[in-house]
Structure formats: C-alpha cells, structure tokens
Amino acid sequence: MEAVPIQNESVKLGLVGAGKMAKSIARGVVQSGVLPTQRISTAIYSNPNRGVAFQSLGVSLLPYNSDLSLPPSRDVITFSVKPQLKNVVLQLRPFLSKNKLLVSIAAGVKLKDRRVCDFEVFAFVQKPKRHGAIMSLGGAATEEDGELVAKLFGSVGKIWRAGEKLFGAITGLRAIEALADGGVAAGLPQELALGLASQTVLGAASVAIKSGKHAGQLKDDVTSPGGTSIAGIHELEKSGFRGGVDEYCCGCC
Ligand SMILES: NC(=O)C1=CN([C@@H]2O[C@H](COP(=O)(O)OP(=O)(O)OC[C@H]3O[C@@H](n4cnc5c(N)ncnc54)[C@H](OP(=O)(O)O)[C@@H]3O)[C@@H](O)[C@H]2O)C=CC1
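By convention here, each chain's residues receive numbers from 1 onward along its written sequence. Since the coordinates come from a predicted model, pLDDT governs what is reported: local features require at least 70, and pairs of side-chain atoms require 80 or more to be given and counted, while whole-chain, interface and lining totals use all residues. Note that the side-chain values use all heavy atoms of the structure and ignore hydrogens as well as water.

Visitor: Please explain the overall build of the protein as it appears in this structure.
Guide: Secondary structure follows DSSP: runs of H or I at least 4 residues long count as helices, runs of E at least 2 residues long count as strands, and numbering of each begins at the N terminus. Broken down by element type, the protein carries twelve helices and eight strands. Here's how the labels work: a residue is buried when its accessible area is under 20% of the maximum for its type, exposed when over 50%, partly exposed in between, all with a 1.4 Å probe on protein chains only. The proportion of buried residues among the 253 residues of the protein is 38%. A separation threshold of at least 6 residues defines the contact pool for the protein, and within that pool the share at least 24 residues apart is 61%. It only takes one pair of heavy atoms within 4.5 Å for two residues to be counted as in contact.

So, in structure tokens, the structure goes:
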C-alpha cells in the first residue's frame, strides 16, 4: 500500500511496550511520513534504555503507559508488550475511552484471550518488512477503523485482511529455517545455507505467484521420473513433512 499521510490531526499512535516491534512500527510510520513524530508516543515500562531509539526518531516518551490513552483524540493504541498482554490491557482499560482503537500484535495469544481483551482490531504483524502483515477486525471495529490501521501498518510492510483463524498459519512459516538447518547438517556454512534457503523459498514463491499454477502442478513440472527432485520429495513424505507442517499451522491458530 502506498504511504498516504493521515491528515486528520486527531489521529495519534500510542505504542504500549517500547520494544523491538514497537520500534519497527514507529520507524516505518515516521519514515513513510504517514504520521508526523509529534503524533506518535510510547512509554518506558522498566528499562530506560528502550527510549533511546524512539528519541532518535523524535517519538514522544511519556512517563506512564496510562498517559498514552489520556488525550481525547482518535488514538490507535498498539499493544506490543511481552509477556502478559492480557494483564496489561486489563490494567489500562480504565484509562481507555471508547474512541480508542486497540490493536494487538501479540503472537501466540489465544482467541479467547483476545476476546477478553475486547480488541476492536486485531493486527498481526509478522516480520513486516520481509513478509508483510495480515490483520483482522474485531467485532466493534468499523471499515473506517480497518482502513486507518491498514494505513498505519501499511507503512511498515504490505498488509492484507484475513480471517483471524489464519494468523497462526503465518507463524508456521518456518520453512526457511528448516531448509537452512538441513544445509548446515549437510556441511554448508551457516550463512551460505541461510542465503540459499531464503532464495529457494523466494524463488518458489515468486514462481507460484507469477504462474498462478497450483503448487502440485508446479511440483509435477519440475520432477522427472527417477530424478533427484522426486527422490527428495519422497524423503519428505516418508518423514511426515506434509502432515507435520499442517499440524504445526493448525496448532498455532
Ligand atoms: N505479530 C508479529 O509478527 C510479532 C509479534 N510479536 C509480539 O510483539 C510483542 C512484543 O515483542 P518484541 O517487541 O519483540 O518484545 P520486546 O521484548 O522487544 O519488547 C517488549 C516490551 O514490552 C514491555 N513490557 C513488558 N512488560 C510490560 C508491562 N507489564 N506493561 C507495559 N510494557 C511492558 C517491555 O518493557 P521493558 O523492557 O521496559 O520491561 C518492552 O518494551 C510480543 O507480544 C510478541 O509476541 C513479536 C514479533 C513478531
């Protein structure tokens, strides 16, 4: 999505949890010009060193997380805390007025916990710069809310709307790591193994996207009878790769 500055001055971004994810979101929003730095703020929880990166971006550092929710503006409050998302949200609830739009990026939080937190919007940001993000709207969120969050997160990486059930599937994308580990086990240096694994997955994905063919068809296109590709696939099937990946993705949902 092309970064479009949000002109409405009442829209502000508050980041609860000033860690790595918050930094990445703040940097994306600032660098794309979607929001000026005066309209982005965060608060330090316990480690004052966390503030340095935000200060260098020009993002406001407030004394307490509850301060993020005070001004009567249309704030988007993003929770990027670790751990105990639910407790943090419940603690802040008394300070959050109705016009706050709550966004969660917490990984591995069960659906029932998200519901207890009563998020208007769920956003799931998986390594946004590299893989993009998917987001899902909670029950109380409007289409307008969704567009606002898409504008903000779209400045960090490509963003898609998807059912919440699919969030776990993104977490399941560990194929590159597994491929790289296999390369290292076969004797490749770590860096080379990771580079080759990344390019292999990138290449396969771009062929799948560009061709529009079903993955099974693409596999048939590259396997010749008695060849090494089908021998490799045979080994994967013997080890239960397909079922394992399937189980892993479902387990994350
Ligand atoms: N959706 C995705 O794609 C991804 C999501 N995540 C999720 O994002 C969240 C943050 O991850 P990440 O940025 O890597 O983690 P970090 O450890 O870098 O940052 C966590 C932040 O939370 C703060 N914090 C801890 N406890 C509390 C609390 N009780 N109240 C307020 N703030 C608190 C920490 O403050 P301090 O250090 O001062 O104690 C720190 O600033 C996690 O929930 C993680 O699962 C992470 C990666 C990808």
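Visitor: Would you explain the pattern of salt bridges in this entry?
Guide: In a structure, side chains of opposite charge can pair up when their charged atoms sit close to one another. Here a salt bridge means any side-chain nitrogen of Lys or Arg lying within 4 Å of a carboxyl oxygen belonging to Asp or Glu. For the coordinates displayed, the defined rule picks out six salt bridges. Asp75 serves as the salt-bridge partner of Lys100, at 3.3 Å between the closest nitrogen and oxygen. You can see Lys100 sitting in the loop between helix H3 (85-92) and strand E5 (101-104) and its partner Asp75 sitting in strand E4 (residues 74-79), a full 25 residues away along the chain. Ionic pairing is found between Arg161 and Glu143, a salt bridge with its closest N-O pair at 3.2 Å. Taken as a pair, Arg161 in strand E8 (residues 159-161) and Glu143 in helix H6 (residues 143-154) lie far apart in primary sequence, 18 residues in all. Classification of Arg161 as partly exposed rests on a relative accessible area of 45%.

Visitor: I'm lost on the nonpolar core in this one. Help?
Guide: Soluble globular proteins tend to bury their nonpolar side chains together. Formed by 31 residues in total, the largest nonpolar core has its most connected members in Leu13 and Leu152. Elements represented by at least two residues in this core include exactly strand E1 (11-16), helix H1 (20-32), E5, strand E7 (133-137) and H6. Residues contacting Leu152, with those up to four places away along its chain left out, are Ile6, Leu13, Val29, Val34, Leu35 and Val76. Core analysis: the second largest hydrophobic core is formed by 13 residues, Ala43, Leu68, Phe79 and Leu85 among them. Think of a nonpolar core as a cluster: buried Ala, Val, Leu, Ile, Met, Phe, Trp, Tyr and Cys residues, connected wherever their side-chain atoms sit within 4.5 Å.

Visitor: Looking at this structure, I do not really get helix H9 (residues 190-211). What am I missing?
Guide: An α-helical segment advances 3.6 residues per turn. Residues three or four places apart therefore align on the same side. Taking 1.5 Å of rise per residue, the 22 residues of H9 would be expected to cover 32 Å, and the 31 Å separating its terminal C-alpha atoms lies within 8% of that figure. Following H9 by one or two positions, Gly212 adopts a phi angle in the positive range, close to 70°. Helix span, as expected, comes to 1.5 Å for every residue beyond the first.

Visitor: Help me understand the packing of helix H8 (residues 175-185) against H9, please; the structure alone is not making it clear to me.
Guide: A pair of packed helices is captured by two measures, namely the crossing angle of their axes and the spacing between those axes. The interhelical angle for the contact between H8 and H9, taken along N-to-C directions, is 135°, at an axis separation of 8 Å. As judged from the angle between their axes, H8 and H9 are oblique. Two packed elements cross with a definite hand, and for H8 against H9 that hand is right-handed. Contact residues: Ile176, Leu179, Ala180, Gly183 and Val184 in H8; Gln190, Ala193, Leu194, Ala197, Ser198, Thr200 and Val201 in H9. Orientation is described by axes fitted as lines to C-alpha atoms, over the contacting stretch for helices, and by angles from 0 to 180 degrees between their N-to-C directions. Just so you know how the angles are binned, under 35 degrees is roughly parallel, over 145 roughly antiparallel, 65 to 115 roughly perpendicular, and the rest oblique. Crossings are sorted by hand: turned counterclockwise from the far helix by less than a right angle, the near helix makes the crossing left-handed, and turned clockwise it makes it right-handed.

Visitor: Where do I start with the pairing of E5 in this structure?
Guide: Consecutive residues of a regular strand have side chains that alternate between opposite faces of the sheet. Burial along E5 is two-sided: the residues Leu101 and Val103 and Leu102 and Ser104 are all buried. Two elements, E4 and E5, share four bridges in a ladder whose sense is parallel. Considered in E5, the bridge of Phe79 is made with Ser104. Here the term right-handed applies to a crossover when the path leading from its first strand over the helix to its second strand runs clockwise, the strands being oriented away from the viewer. The handedness of the E4 to E5 crossover, carried by H3, is right-handed. The rule for pairing is simple: two strands pair if DSSP sees at least two bridges between them.

Visitor: Would you mind going over a nonpolar patch on the surface with me for this structure?
Guide: A cluster of nonpolar side chains, contributed by Leu188, Leu192 and Leu196, occupies part of the molecular surface with about 240 Å² of accessible area. When you line up the elements, Leu196 lands in helix H9. Two joining distances apply to patches: 9 Å for like charges and 5 Å for nonpolar side chains (Val, Leu, Ile, Met, Phe, Trp, Tyr), and every residue must have over 30% relative accessible area and no salt bridge. Using a 1.4 Å probe, the Shrake-Rupley method yields the accessible areas, and only the shown protein chains count as cover for residues.

Visitor: Teacher, can you tell me more about the side chain of Asn65 here?
Guide: Its location among the elements puts Asn65 in the loop between strand E3 (60-62) and E4. Not counting the four nearest positions on each side in its chain, Asn65 is found in contact with Val16, Gly17, Ala43, Tyr45 and Leu92.

Visitor: Would you mind going over the pairing of E7 with me for this structure?
Guide: Most of E7 sits inside the fold, with four of its five residues counted as buried. Note that E7 and E8 share three bridges and pair parallel. Within the sheet, the bridge partner assigned to Met135 lies in E8 and is Arg161. The β-α-β motif built from E7, the intervening H6 and the parallel element E8 has right-handed crossover chirality.

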